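# Inside the fold
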Amino acid sequence: MNVAVPPAARPSDAALAYHARTKHGLKGYAAGPETLDWDMQPNPFREFEGAPRTPLPLAAEQLAVTWGAAITPGAVPPAPLDLAGVALLLELSFGLAAWKQYGPDRWALRCNPSSGNLHPTEAYVLAENVAGLGDGLHHYVSRAHALEQRRAAPAPAGPDGRLWLGLSSIHWREAWKYGERAFRYCQLDLGHAIGAVRYAAGCLGWTVEVVEGLESAELAQLMGLDRAQDFSGAEPEDPDVLLHITPAPRAASGAPPRPAVPDAAGWAGVANVLDRHPMYRWPVIEAVSAATHGGGSQGAEADAAPDMEAAAPAPAPGSTLAGPAEMRAAAVILGRRSAQRFSAKESLMGRDTFFNIMGALLVRPAAPLDVWSRVPRLHSLVFVHRVEGLAPGVYALPRRPQATALLRAQLRDDFQWATPEGCPAHLPLYRLVETDCRGIARTLSCHQAIASDGSFALSMLAEFEPEVAADSFAYRRLHWEAGLLGQVLYLEAEAAGFRGTGIGCYFDDDLHRLVGMETLQFQSLYHFTVGRPAIDTRITTEPAYPGRSA
C-alpha cells in the first residue's frame, strides 16, 4: 500500500494534517496493513556488525535503593560516573526485564514500554572521560546488555566525566503493524523511554535533563544516523532527543553542555536489516517526520517555569507515594508489565491510592517530570470505575491552574466541576459527571474491555492546535509528554500493587464530541488504564539474561 501524501504549505500544516488523517473513528480506522504475517515480524534488535562490543555487568538485583528514594532528588548519594553506573542505568531503562514463552512463541520484555512490544526506540551513549568506558559513541544492544562502539574519540581535556544518551526511532518497527498511525506511537514510546531513563538515573542519584535547542540534523550527526553508508539497505533511524546525565544536581539556570561534533574518522559498524521483505510503504510517516524535525530556535522557545509551590508535595525520602516504603526501586522497574486483562472483581482501588497516583501526574520536585522545565500542556479526563469512596463517573485533572479555565471553555457546559469529597487540597481533581462510564470507556478505546474492567481509565488531552501551529516540533514534544505521564502511571501503579497499560487505539473525535469539544484547542493523544491484572498462567517467565550473573 502506498497512499499519496498531499503537499502542505508549512511544516505545522503537515503535522496537523497528519494528525487528522490518522484518527480512528467508530466508522473506520486509520490506514494500516490489511494482513500481518507474525512469522515475518521485523527483528526487534538493532545491531552494528563490525563494531567492537563491550559486555556490561548486571547489578539491578543487588540494588537496595527504595522506590521513594529513587524518585526524590537528593535522596540517593550519587554513584560514580563510571562503566558500572552506565551499565546499571541502561539495565534499568532499556534492558530486558524477562523472557516470556507461550507454546512455541518466545518474546522479550524490556524495562521501557512499547506499543505492541515492538520497540522502535534505540539508545546511544556519548561518553567523555567516563571511567572504564571508551570515549566516543556507543550503541546499546538490550538483548546482550552490551555496548557497541560506533565511534572512537580522542580523550577530551580535563578530568571531569560527561555523559549523554541519544534516542532515535526506527519507524518501520511500528508501521509494520500499525500503518500510518505508527509515528504517533513512536513518539509516545519516546516519552516512555525518557521517563525510564529518569527513573533509572534516580536509582543512581543522578539527574537527567533534555538538551533543548538542538537541531535534528546536528543530533543525527552526533549519533551517526546521517551516515548513509552505515545504513545501506537497512531501516533508517530518526533522531529524536538528547539527554544530559550527571551525578551533580540539576543546575538552576543555564543550558546543559553538548558533546563535541564528531569528525569523519574512527567509525565502525554497519546496521543490520530488520525486515528483508516489507509488504507495505507508508510515505506519510516520512512526511510528518520531516515536517516535525526541529528542536532548534523554534523548539527551544522559553516557557515560563512551572510553579513548584502550587504543585503536588514531594515524596518523602525513603518512602513511596503509592506503595510500601521498603519496596525496592529495581523490583518496581523490573516487575513492570503491560496488563493484558484486568480482574474486575479485584480492581477496587483505595481512594488514597487513587489520589496519590493522580498526584504523581502533577508537576512536583520529583522524578521523572523534572527532566524539563516546560509548562505542562497535557491534562487528563479520568473515567473512574472502581475507586472506594469515590463516585463512578468522569473527572478532570488540569495539570496547571490556567488550564482549568481553558478546559471549562471547551468542554460541555453542563459538567459539574465539583471537588470530590476527601480530595487533597493540592490535587485539582474535579468531578464532571457522576455515572457508570464503563461502557463509554470501553467503546471509546476501540471496544477494548481492558478500558472498562479496571479501577480507572483516562484520556490525555493536549493543548494542541495553538502549540503545533506555532512550532511543528511541538507535535513530537506533546507526545513525549503523554508518554512520560504514561510511564508515571505504569510505575506508580506497579508500586501500589496494581498494573497499567497504555492504549493507543481509541476513537479520537468520538471522544471529543462526547465531552463537547468542537475545536482543535485540545486533542486526545493517549489513553491509559489501571487495575488488578488477571494473570495468564499458561505464559511462562524466564530470566532476562540467562546464564549471566552480576
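## Thoughts on the overall build of the protein chain
The helix and strand tally for the protein chain stands at 14 helices and 18 strands. The globule rule puts the C-alpha radius of gyration for 550 residues at 24 Å, and the 22 Å found for the protein chain is close to it. Reported as C-alpha extents along the three principal axes, the dimensions of the protein chain are approximately 65 × 55 × 55 Å. Burial analysis of the protein chain (550 residues in total) assigns 59% to the buried set. The contacts in the protein chain between residues at least 6 apart in sequence include a share of 82% that link residues at least 24 apart. With the model as given, the accessible surface of the protein chain reaches about 21,000 Å², and the carbon-plus-sulfur share is 53%.

## Looking at empty space enclosed by the protein
For the structure shown, the criterion picks out four cavities of 30 Å³ or more. Of the pockets and cavities examined, the largest cavity occupies roughly 270 Å³. Every residue lining the largest cavity is counted, 26 residues in all, and those nearest its centre are Glu212, Arg374, Phe473, Arg477 and Trp480. Looking at the lining of the largest cavity, the elements that each hand over two or more residues are helix 6 (216-223), strand 10 (238-246) and helix 13 (474-495). Of the volumes computed, that of the second largest cavity is approximately 100 Å³. Lining the second largest cavity we find 14 residues, and of these Arg110, Thr121, Glu122, Tyr140 and Ser142 sit closest to its centre. Mapped by element, the contributors of at least two residues to the lining of the second largest cavity are strand 5 (121-128) and strand 6 (136-141). A breakdown of the residues in the lining of the second largest cavity according to their chemical character gives six nonpolar, four polar and four charged.

## Overview of the packing of aromatic side chains
Centre-to-centre distance and the angle between the planes together describe a pair of aromatic rings. For the structure shown, the criterion picks out 16 aromatic pairs. Centre to centre, the rings of Tyr18 and Tyr475 are 6.1 Å apart; their planes meet at 90 degrees, and the pair counts as edge-to-face. Linking Tyr18 in helix 1 (residues 11-21) with Tyr475 in helix 13, this pair joins segments that are 457 residues apart in sequence. Looking at Tyr18, the relative accessible area reads 1%, which means it is buried. Judged by centre distance (6.2 Å) and plane angle (85 degrees), the ring pair of Tyr526 and Phe528 falls under edge-to-face.

## Some points on the pairing of strand 7 (residues 146-152)
Of all seven residues in strand 7, six are buried; the element is thus mostly enclosed. Both strand 2 (residues 53-55) and strand 7 contribute to a ladder of three bridges, which runs antiparallel. Bridge pairing links Pro55 to Ala146 in strand 7. The antiparallel hairpin formed by strand 6 and strand 7 contains four residues in its connecting segment, where His145 sits at a positive phi of about 45 degrees.

## Considerations on the sheet that holds strand 2
If you trace the seven strands from one edge of the open sheet to the other, you get 2-7-6-5-8-10-9, paired in antiparallel fashion. The open sheet has two edge strands, strand 2 and strand 9 (207-210), and neither has a second partner. Mean inter-strand twist for the sheet, computed between neighbouring axes without regard to direction, equals 30 degrees. Here four bridges tie strand 9 to strand 10, and the two strands are oriented antiparallel to one another. Bridge pairing in strand 10 places Thr207 opposite Thr246.

## Regarding the sheet that holds strand 17 (residues 522-531)
A sheet is described by the order of its strands in space; here six strands give the open sequence 14-13-12-15-17-16, paired in antiparallel fashion. If you trace the sheet from one side to the other, it starts and ends with strand 14 (430-434) and strand 16 (499-503), each paired once. Strand after strand, the sheet turns through a mean of 25 degrees between neighbouring axes, direction not considered. As paired elements, strand 12 (residues 378-384) and strand 15 (residues 456-463) share seven bridges and run antiparallel to each other.

## Details of the pairing of strand 5
Regular strands have side chains that alternate between both faces of the sheet. Within strand 5, eight of the eight residues are buried, which leaves it mostly tucked inside the rest of the structure. Judged by which residues are buried, strand 5 turns out to be covered on both faces: Thr121, Ala123, Val125 and Ala127 on one side and Glu122, Tyr124, Leu126 and Glu128 on the other are all buried. By the bridge criterion, eight bridges tie strand 5 to strand 8 (residues 162-169) in an arrangement that is antiparallel. Paired with Glu128 across the strands is Arg162, a residue of strand 8. Examined bridge by bridge, strand 5 and strand 6 share four bridges and lie antiparallel to one another. Counterpart to Ala127 in the pairing with strand 6 is Gly136.

## A word on the nonpolar core
In terms of nonpolar packing, the biggest core is built from 119 residues, with Leu92, Phe354, Met358 and Phe456 touching the most fellow members. Of all hydrophobic cores here, the second largest spans 23 residues; its members include Ala339, Ala396, Leu407 and Phe522.

## A few points about the packing of helix 1 against helix 7 (residues 283-291)
Any two packed helices are characterised by the angle at which their axes cross and by the distance between the axes. Two elements in contact, helix 1 and helix 7, have axes whose closest approach is 8 Å; the angle formed by their N-to-C orientations is 140 degrees. Between helix 1 and helix 7, the angle falls in the class oblique. Classified by chirality, the crossing of helix 7 by helix 1 is left-handed. From helix 1, Pro11, Ala14, Ala15, Tyr18 and Arg21 reach across to helix 7, where they touch Val284, Val288 and Ala291.

## Examining the side chain of Ser142
Here Ser142 lies in the loop between strand 6 and strand 7. Overall, the relative accessible area of 5% leaves Ser142 in the buried class. Each residue touching Ser142, except ones within four places of it in the same chain, is listed here: Phe45, Phe94, Gly95, Leu96, Arg110 and Tyr545.

## Looking at the confidence of the model for the protein chain
Mean pLDDT over the protein chain works out to 92, with 92% of the residues at or above the 70 mark. Under a pLDDT of 50 for its full length, residues 298-302 has, in the predicted model, 14 contacts with residues more than four places off or in other chains. Counted against residues more than four places away or in other chains, residues 316-323, with its pLDDT under 50, gives 27 contacts.

## Thoughts on the state of the cysteines
Counting across every chain of the model gives one disulfide. Two residues, Cys446 and Cys505, share a disulfide whose sulfurs are 2.1 Å apart. Across the S-S bond linking Cys446 and Cys505, the dihedral sits near -90 degrees, which makes this disulfide left-handed. Pair noted here: Cys446 is in the loop between helix 11 (438-444) and strand 15 and Cys505 is in the loop between strand 16 and helix 14 (508-514), with a separation of 59 residues, a long-range link. Cysteine Cys111 is unpaired, with the sulfur of Cys203 as its nearest cysteine sulfur at 10 Å. Owing to a relative accessible area of 2%, Cys111 belongs among the buried residues under this scheme.

Cut-off values and rules
- Residues numbered from 1 in each chain as written.
- Predicted model: local features only at pLDDT ≥ 70, side-chain atom pairs only at ≥ 80, totals over all residues.
- Heavy atoms only, no water.
- Helix = DSSP H or I, 4+ residues; strand = E, 2+ residues; numbered from the N terminus.
- Rg over C-alpha atoms; globule rule 2.2 N^0.38 Å.
- Buried < 20%, exposed > 50% of the residue type's maximum accessible area, 1.4 Å probe, protein only.
- Contact = heavy atoms within 4.5 Å.
- Areas by Shrake-Rupley, 256 points an atom, 1.4 Å probe, with all protein chains shown as cover.
- 1 Å grid on protein atoms, 1.4 Å probe; cavity = no way out; pocket = protein on both sides within 12 Å on 5 of 7 lines; lining within 4 Å.
- Points joined across faces, edges and corners; volume = space filled by probe spheres on them.
- Nonpolar A, V, L, I, M, F, W, Y, C, P; charged D, E, K, R; others polar.
- Phe/Tyr/Trp six-rings, centres within 6.5 Å; stacked < 30°, edge-to-face > 60°.
- Pairing = 2+ DSSP bridges.
- Axes fitted to C-alpha atoms, helices over the stretch in contact; angles between N-to-C directions.
- Core = buried A, V, L, I, M, F, W, Y, C linked by side-chain atoms within 4.5 Å.
- Parallel < 35°, antiparallel > 145°, perpendicular 65-115°, else oblique.
- Left-handed = near helix turned anticlockwise from the far one by under 90°.
- pLDDT = per-residue confidence, 0-100.
- Disulfide = S-S within 2.5 Å.

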